[in-house]
Amino acid sequence: MAEESQGRIHVTRIGRPDAGVAPPATPPLYQTAAFDVADLDQLEQINESAVGYIYTRDNNPNHEALAGSIAALEGAECGAVFASGMGALAAICLSLATSGDHLVMSASLYGKTLVLGSRLQALGIRVTYFDVTRPQNLSEHITPHTKAVLIETVANPLLEVADIPALAKIAGEVPLIVDSTFTTSELIRPLEHGAAIVMHSASKYLNGHGDVLLGVAVGGSEHIQKIRETASVFGQNANPFECWMTQRGLRTLPLRMKQICETTRVLAGFLSGHSEVKRVWYPLLPDHPSHAVAQRFYPQGTGGILSFELQTDADSGAARVNRFMMAASEIPFSPTLADTRTTFSHPARTSHRHLAAEKKQAVGITDLLVRLSTGLEPAEVLIGELDHALRDSA
Ligand SMILES: Cc1ncc(COP(=O)(O)O)c(C=O)c1O
């Protein structure tokens, strides 16, 4: 903030409260591009020690506070924050692999992460894909050039669950990177199961209010230092305000995850018994292919996502889905997840749009598949809305 008086510019100094001023109850926001440095000695000291702040592309107190909080939640040595989940994933991959190296990715990763894999291939990094539900197949992919294995705890939209300890054992010395966006540290702490780096799209549950884009990576200091340097060069660093917002979101993470898990479990039971629903994909239902792994690692629930296929006799999938979504007017169609509101998405037309039709059909992502992200509404309200929409649109 600057004000002009009598021809001189007075800059209001923030972040340096006068002695005797009580500290703020919530952390201050350091919405600044740069920090004033006292002299060349201080500049040298900050550059040498990497402690302190010069320029927000490299570091900022709001970055540090949030990265530290999430590192503590995950049981990690340290962390870093990025402009989005994709920014985090790109920085992680580019810090570990270069032209001639090899990465292994789960074939069921988030759609844009698979696109990132293709972009990395175009840069000369070989990428191969494996079925995360068959850990033993991973060993066929590991070569002396393999620099990392990338998986998700629970995948979108069919909710395949990864057996992290089994995969970490097979990866051996190769770092296992786990995208824990769907589960968060409330449900699993992948570092305790052998992962080397955990990342999140903090745009989802960590912030939890659908109003932030942010990514985070946590792990050992050697990895995180390299990832931060990469992010600085490629300009992937986070905005301080988004960090401040997410820090606020974290305060309610345990409560939100608890309620969301409970409601999702109830909705899965309700939908699986509904005559207008052909099939429900939720790992804690006995007919889900990952049921045994989910029961072992996620006794509290696998988060707030489930998918279901609508029943139809006559019309095209898209027409049936459109009628259903119009009838469920209280639940918005919003191609994101982890908001406080319950939302629908349509994987075939959003996250998996780029997949060829036969591939979508083969993996079960049909036009009749609807994904639900449970919010904080009471379960009975959601059941009422889903029930009338399923019946009225049949
Ligand atoms: C599992 C997963 N990982 C990564 C991302 C990318 O995160 P962002 O949208 O913050 O870039 C998403 C986004 O939906 C996601 O669902």
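This structure is a prediction, so every number in the text was calculated from the model and none was measured.

### Observations concerning the packing of helix H9 (residues 253-272) against helix H13 (residues 379-392)
Then, number 1: Where H9 contacts H13, the axes come no closer than 10 Å and their chain directions differ by 30 degrees. By the angle between their axes, H9 is roughly parallel relative to H13. Considering only the axes of H9 and H13, their crossing is right-handed. On H13, the residues touching Thr263, Val266, Leu267, Phe270 and Leu271 of H9 are Ala379, Leu382, Ile383 and Leu386.
Then, number 2: The class makeup of the residues in the contact of H9 with H13 is 8 nonpolar, 1 polar and no charged.

### Focus on the site of the ligand
Then, number 1: Within the structure, the ligand sits among 14 residues, and Ser84, Gly85, Met86, Ser201 and Ser203 are positioned closest to it.
Then, number 2: For the shell around the ligand, the elements supplying multiple residues, two or more each, are helix H3 (85-96) and helix H4 (111-122).
Then, number 3: Split into classes, the residues belonging to the shell around the ligand amount to 3 nonpolar, 8 polar and 3 charged.

### A closer look at the domain arrangement of the chain
Then, number 1: By the assigned domains, the chain splits into domain 1 (40-250) and domain 2 (253-392).
Then, number 2: Measuring from the centre of the C-alpha atoms in domain 1 to the corresponding centre in domain 2 gives 27 Å.
Then, number 3: The partner domain 2 presents 33 residues to the 26 residues of domain 1 that form the contact.
Then, number 4: Elements with a minimum of two residues in the side of domain 1 that touches domain 2: H4, helix H6 (184-187) and helix H8 (240-250).
Then, number 5: In terms of residues, the side of domain 1 that touches domain 2 owes the most to one element, H6, which gives 3 residues.

### Considering the environment of isoleucine 227
Then, number 1: Secondary-structure assignment places isoleucine 227 in helix H7 (residues 221-234).
Then, number 2: The spacing of isoleucine 227 and leucine 96 is 131 residues in sequence and 8.1 Å in space, taken between C-alpha atoms.
Then, number 3: Leave out the neighbours within four places in its chain, and isoleucine 227 touches Ala80, Ala91, Ile92, Ser95 and Ala217.

### Some points on the packing of H3 against H4
Then, number 1: Between H3 and H4, the least distance of the axes is 11 Å, while the angle of their chain directions is 35 degrees. Crossing hand, H3 versus H4: right-handed. Contacts between H3 and H4 involve Met86, Leu89, Ala90 and Cys93 on the former and, on the latter, Lys112, Thr113, Leu116 and Leu120.
Then, number 2: A breakdown of the residues in the contact of H3 with H4 according to their chemical character gives 6 nonpolar, 1 polar and 1 charged.

### Some thoughts on the sheet that holds strand E12 (residues 343-345)
The strands making up a sheet associate through backbone hydrogen bonding, with each pair oriented either parallel or antiparallel.
Then, number 1: Spatially, 4 strands are ordered E10-E11-E13-E12 in an open sheet, and the strand pairing comes out antiparallel. Looking at the sheet topology across the chains shown, the edges are occupied by strand E10 (277-281) and E12. Strand-to-strand twist in this sheet, taken as the mean axis angle between neighbours without regard to direction, amounts to 25 degrees.
Then, number 2: Across 5 bridges, strand E11 (residues 305-310) lies against strand E13 (residues 369-373) in antiparallel orientation.

### Describing the sheet that holds strand E4 (residues 102-106)
Then, number 1: Taken in spatial order, the 7 strands make up an open sheet running E3-E9-E8-E7-E6-E4-E5, and their pairing is mixed. Sheet topology places strand E3 (78-82) and strand E5 (126-130) at the edges, where each strand pairs with a single neighbour. For this sheet, the mean angle separating the axes of adjacent strands, direction not counted, is 20 degrees.
Then, number 2: Two strands pair when backbone bridges link them, and strand E7 (residues 176-179) and strand E8 (residues 197-201) are joined in this way by 3 bridges, in the parallel orientation. Its bridge partner being in E8, valine 178 is matched across the sheet by valine 198.

### Focus on helix H5 (residues 164-171)
Then, number 1: When H5 is considered as a whole, its buried residues turn out to be Ile164, Leu167, Ala168 and Ala171. Down the axis of H5, the buried side of the element spans an arc of 100 degrees, and every buried residue falls inside it.
Then, number 2: Residues of H5 that are buried make contact with strand E6 (146-152) and E7.

### Considerations on the pairing of E7
Then, number 1: By the alternation rule, side chains of E7 split into Leu176 and Val178 and Ile177 and Asp179, which are all buried.
Then, number 2: Strand direction decides the pairing type here: E6 and E7, joined by 4 bridges, are parallel. Pairing of leucine 150 across the sheet is with isoleucine 177, part of E7.
Then, number 3: In this view, the connection linking E6 to its parallel neighbour E7 by way of H5 has right-handed handedness.

### Side note on the nonpolar core
Then, number 1: Within the largest apolar cluster, 108 residues are counted, with the highest numbers of intra-cluster contacts made by Ile92, Cys93, Val149, Ile177, Val216 and Ala217.
Then, number 2: Considering every element that reaches this core, the biggest residue donor is H3, with 8 residues.
Then, number 3: When neighbours within four sequence positions are excluded, isoleucine 92 is seen to be in contact with Ile177, Ile197, Met199, Ala217 and Ile227.

### Things to note about the environment of glycine 215
Then, number 1: Looking at where glycine 215 falls in the secondary structure, it is placed in strand E9 (residues 215-219).
Then, number 2: The buried category is assigned to glycine 215, around which 30 C-beta atoms lie within 10 Å.
Then, number 3: A sequence separation of 12 residues divides glycine 215 from serine 203, and the C-alpha atoms of the two residues are 7.0 Å apart.
Then, number 4: Apart from residues no more than four positions distant in its own chain, glycine 215 is found in contact with Val81, Phe82, Ala83, Ser84, Gly85, Met86, Gly87, Ala88, Met199, His200, Ser201 and Ala202.

Calculation criteria
- Residues numbered from 1 in each chain as written.
- Predicted model: local features only at pLDDT ≥ 70, side-chain atom pairs only at ≥ 80, totals over all residues.
- Axes fitted to C-alpha atoms, helices over the stretch in contact; angles between N-to-C directions.
- Helix = DSSP H or I, 4+ residues; strand = E, 2+ residues; numbered from the N terminus.
- Parallel < 35°, antiparallel > 145°, perpendicular 65-115°, else oblique.
- Left-handed = near helix turned anticlockwise from the far one by under 90°.
- Contact = placed C-beta atoms within 7 Å.
- Nonpolar A, V, L, I, M, F, W, Y, C, P; charged D, E, K, R; others polar.
- Near = placed C-beta within 6 Å.
- Domains from an automatic or database assignment.
- Pairing = 2+ DSSP bridges.
- Buried ≥ 20, exposed ≤ 12 C-beta atoms within 10 Å, placed from the backbone.
- Arc of directions from axis to C-beta.
- Right-handed = clockwise from strand over helix to strand, strands pointing away.
- Core = buried A, V, L, I, M, F, W, Y, C linked by C-beta atoms within 7 Å.

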